[in-house]
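# Notes for the structure review
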Amino acid sequence: MSPPVTVVTDSTAYLPREEVSRLGIVVVPLQVVVDGQALDDVVQIDSAEMNDALRRRVPVTTSRPAPQRFADAYEEAAARGAAGVVSIHLSGEMSGTVQAARAGAENSPVPVDVIDSRSIAMGLGFPVLAAAEAAARGASPAEVADAARRCMESVRSFFYVDTLEHLRRGGRIGAAATLLGSALMIKPLLHISDGVIVPLEKVRTASRAIARLEDLAVQAAGTASVEVAVQHLDALPRAEALAARLPRRIPTLVKVTVVEVGAAVGAHVGPGMLGLTLSFPSSR
């Protein structure tokens, strides 16, 4: 068996805590700045507290982790005996987090392969899990990184937001800015393409948007074995209902998980967001 490899990610993967613990994944939090106070995502602020701030119209922004936090994580991995680190992060088109990770890796005592997932939430989380599972099997650093990249190539993400306003404020709207003129008239469906949030379709009601999300997942799954993460922000009943319907629509569904995104993503999508991310085990 090869010497151990440590997998590092950031808090926007929003992985289940039991998986983080089981696989020894190291999570470096982004910062959520609420009315001028910087708080660690997940650790010091949760989605409910962030939602409350948004509803009260308190200024909420986000920022990348400092490079030193990544440097510390890599040094600690080396101190625990890691032969290398694979560090996988949210899209560089949406955040400077991956650049901070690269800066933190410059003087690392062990080799660090920093990977831009070109995605976010479980679009990041699935590649992180693929890498961590490979590391748990004793794979080399190159093999662990390759497992993440193979998973990245097949992951598909679709999501619905109640309003584009939060994405506009945060500057994460990308090509979806073309929808702003009719934002009050529509319920936009979006997806992530090459690391950027882009428009997919426009529908008139939330119920139609959710039904269309379900159809998109069925189409994307095809006949392949697939895992699906249903992600939401302050929309648990909708998310659970959607998750319950998917096994009937996708016969090849291996696993469905419901995940609530945290404050760093929630600050940009707003309450009511509902998304689906598909990952294909055969690609790992």
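In this report, the structure presented in the accompanying data block is examined. (Residues numbered from 1 in each chain as written. Predicted model: local features only at pLDDT ≥ 70, side-chain atom pairs only at ≥ 80, totals over all residues. Heavy atoms only, no water.)

Moving on, we come to the sheet that holds strand β9 (residues 187-193). Spatially, six strands are ordered β10-β9-β8-β13-β11-β12 in an open sheet, and the strand pairing comes out mixed. Two strands bound the open sheet, and with one partner strand each, they are β10 (196-203) and β12 (253-260). Neighbouring strand axes in the sheet, compared pairwise and without regard to direction, differ in orientation by 20 degrees on average. Across seven bridges, the pairing between strand β11 (residues 226-232) and β12 is parallel. For H232, the partnering residue across the bridge sits in β12 and is E260. Strands in contact with helix α5 (residues 122-136) are β8 (156-160), β11 and β13 (274-279); relative to β11, the strand with the most contacts, it is inclined by about 140 degrees. (Pairing = 2+ DSSP bridges. Helix = DSSP H or I, 4+ residues; strand = E, 2+ residues; numbered from the N terminus. Axes fitted to C-alpha atoms, helices over the stretch in contact; angles between N-to-C directions. Contact = heavy atoms within 4.5 Å.)

We now examine the sheet that holds strand β4 (residues 37-40). Consider a sheet: its strands pair through backbone hydrogen bonds, and that pairing is either parallel or antiparallel. Taken together, the three strands give an open sheet; going across it, the order is β4-β3-β5, and neighbouring strands pair in antiparallel fashion. A single partner strand is all that each edge strand has here, and the edge strands are β4 and β5 (60-63). Shown here is a sheet whose adjacent strand axes are inclined to one another by a mean of 30 degrees, direction ignored. When strand β3 (residues 31-34) meets β4, the two strands line up antiparallel, connected through four bridges. Note that in β4 the partner of V32 across the bridge is L39.

Count 3.6 residues to each turn of an α-helix, and residues three or four apart come out pointing the same way. Under the 1.5 Å per step criterion, the end-to-end length of helix α8 (residues 206-221) is 23 Å for 16 residues, consistent within 8% with the ideal 22 Å. A206, A209, I210, L213, E214, L216, A217, A220 and A221 are the residues of α8 that are buried. End-on view of α8: buried residues confined to an arc of 160 degrees, all on one side of the axis. With respect to the buried face of α8, the exposed residues turned more than 90 degrees away are S207, R208 and Q219. (Expected span 1.5 Å × (residues − 1). Buried < 20%, exposed > 50% of the residue type's maximum accessible area, 1.4 Å probe, protein only. Arc of directions from axis to C-beta.)

Note that every value here comes from positions in space, so none of it alone points to a role or purpose.
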